[in-house]
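The lines below spell out each chain.
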Amino acid sequence: MQIMDSPARYGSVTRFFHWTIAVLILWQLASMAVKLWLGRESGLAQFMVGSHASVGFVIFILVWTRLVWALFNLGHRPSHEPGLIGTAAKAGHAVLYLLMLFIPTVAVMRAFGSDRAFTVFGIQLYGGRPEGQEVEALTGAANFHGEAGWLLAVLLVGHVVMAVYHSAVMRDGTMGKMAGAR
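Numbers given for residues are sequential positions, taken from 1 along each chain in its written order. Since the coordinates come from a predicted model, pLDDT governs what is reported: local features require at least 70, and pairs of side-chain atoms require 80 or more to be given and counted, while whole-chain, interface and lining totals use all residues. Side-chain metrics in this entry use all non-hydrogen atoms of the structure; hydrogen atoms and water are not considered.

What follows covers the nonpolar core. In this description, a nonpolar core means a group of buried Ala, Val, Leu, Ile, Met, Phe, Trp, Tyr and Cys residues linked to one another through side-chain atoms lying within 4.5 Å. Burial status follows relative accessibility: with a 1.4 Å probe on protein chains alone, a residue under 20% of its type maximum counts as buried, one over 50% as exposed, and anything between as partly exposed. If you look at the biggest cluster of nonpolar residues, it comprises 21 residues, and the most contacted ones within it are Ile21, Ile25, Ile59, Val63, Met100, Leu152 and Leu156. Each helix is a run of H or I in the DSSP string that is no shorter than four residues. Each strand is a run of E no shorter than two, and both are numbered from the N terminus. Those elements that provide at least two residues to this core are helix H1 (12-38), helix H3 (52-72), helix H4 (83-113) and helix H6 (145-170). Residue contacts are counted whenever heavy atoms from the two residues lie within 4.5 Å of one another. Once you skip the residues sitting within four places of it in the chain, Met100 turns out to touch Ile21, Ile25, Val63, Arg66 and Leu152. Core analysis: the next-biggest nonpolar cluster, separate from the first, contains seven residues, Phe57, Val108, Phe118 and Val120 among them.

Shown next, in the form of structure tokens:
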């Protein structure tokens, strides 16, 4: 089992981060879509949205850890192709990383600036500020949390489309580098 990234493919740790975060983000997006379509009062929406903060906190931890791991592996990772397509891929991945960092980070900032308790999987991590003593700089930081989430959804669709394009049309093995193919 290849743990570290190499120029030929991503290692098992990078793949774990990629696919785990992908599944968790899909859950988050699906929960918000269900809430919009069925309304907050539906049982399914209550169940899914009820996990939003906990799953989001896990994403927060995983994305920051993934960033450290990516920086540690920076010189070992598969390179993007040269030219405009490679530059676009680098830019697209940079925006994906920025959004994956921004969205849960501002949600955590909002939680610590709020007067509500912050609970993750039933464990209270923070009791909340006294009523009326919210920190606007922290709670206001999350004003674009939802919009950034939907922007991330659009970019993820583009990411998947390009992965399928590389696999089905270009047949260049790009998808295999993250899927674990040798």
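Next comes the rest of the write-up.
Its location among the elements puts His166 in helix H6. You can call His166 buried: its relative accessible area is 11%.

Now for the pairing of strand E2 (residues 123-126). Two strands are said to pair when DSSP picks up at least two bridges between them. Both strand E1 (residues 118-120) and E2 contribute to a ladder of three bridges, which runs antiparallel. Bridge assignment links Phe118 to a residue of E2, and that residue is Tyr126.

Interhelical geometry of H4 versus H6 gives an angle of 155 degrees and a closest axis separation of 10 Å. When the interaxial angle is binned, H4 and H6 end up roughly antiparallel. For the pair H4 and H6, the crossing hand works out as left-handed. Packed against H4, whose contacting residues are His93, Val95, Leu96, Leu99, Met100, Phe102, Ile103, Val106, Ala107 and Arg110, the element H6 presents His145, Ala148, Gly149, Leu151, Leu152, Leu155, Leu156 and His159 at the interface. Note on residue categories: nonpolar means Ala, Val, Leu, Ile, Met, Phe, Trp, Tyr, Cys or Pro, charged means Asp, Glu, Lys or Arg, and polar means any other residue, Gly included. A per-class count over the contact of H4 with H6 returns 13 nonpolar, four polar and one charged. To define axes, lines are fitted to C-alpha atoms, for helices over the stretch in contact only, and angles between the resulting N-to-C directions are given on a 0 to 180 degree scale. Geometric relationships in this document are graded by angle, where less than 35 degrees denotes roughly parallel, more than 145 denotes roughly antiparallel, 65 to 115 denotes roughly perpendicular, and other angles denote oblique. Handedness of each helix crossing follows the sense of rotation of the near helix against the far helix: counterclockwise by less than a right angle gives left-handed, clockwise gives right-handed.

Detailed reading of the predicted coordinates is not advisable wherever pLDDT is low. Mean pLDDT over the protein: 92, with 99% of residues reaching 70 or higher. When mean pLDDT is taken per element in the protein, H1 scores highest with 96 and helix H7 (residues 174-179) scores lowest with 82. What pLDDT reports is the predictor's confidence in each residue, on a scale of 0 through 100.

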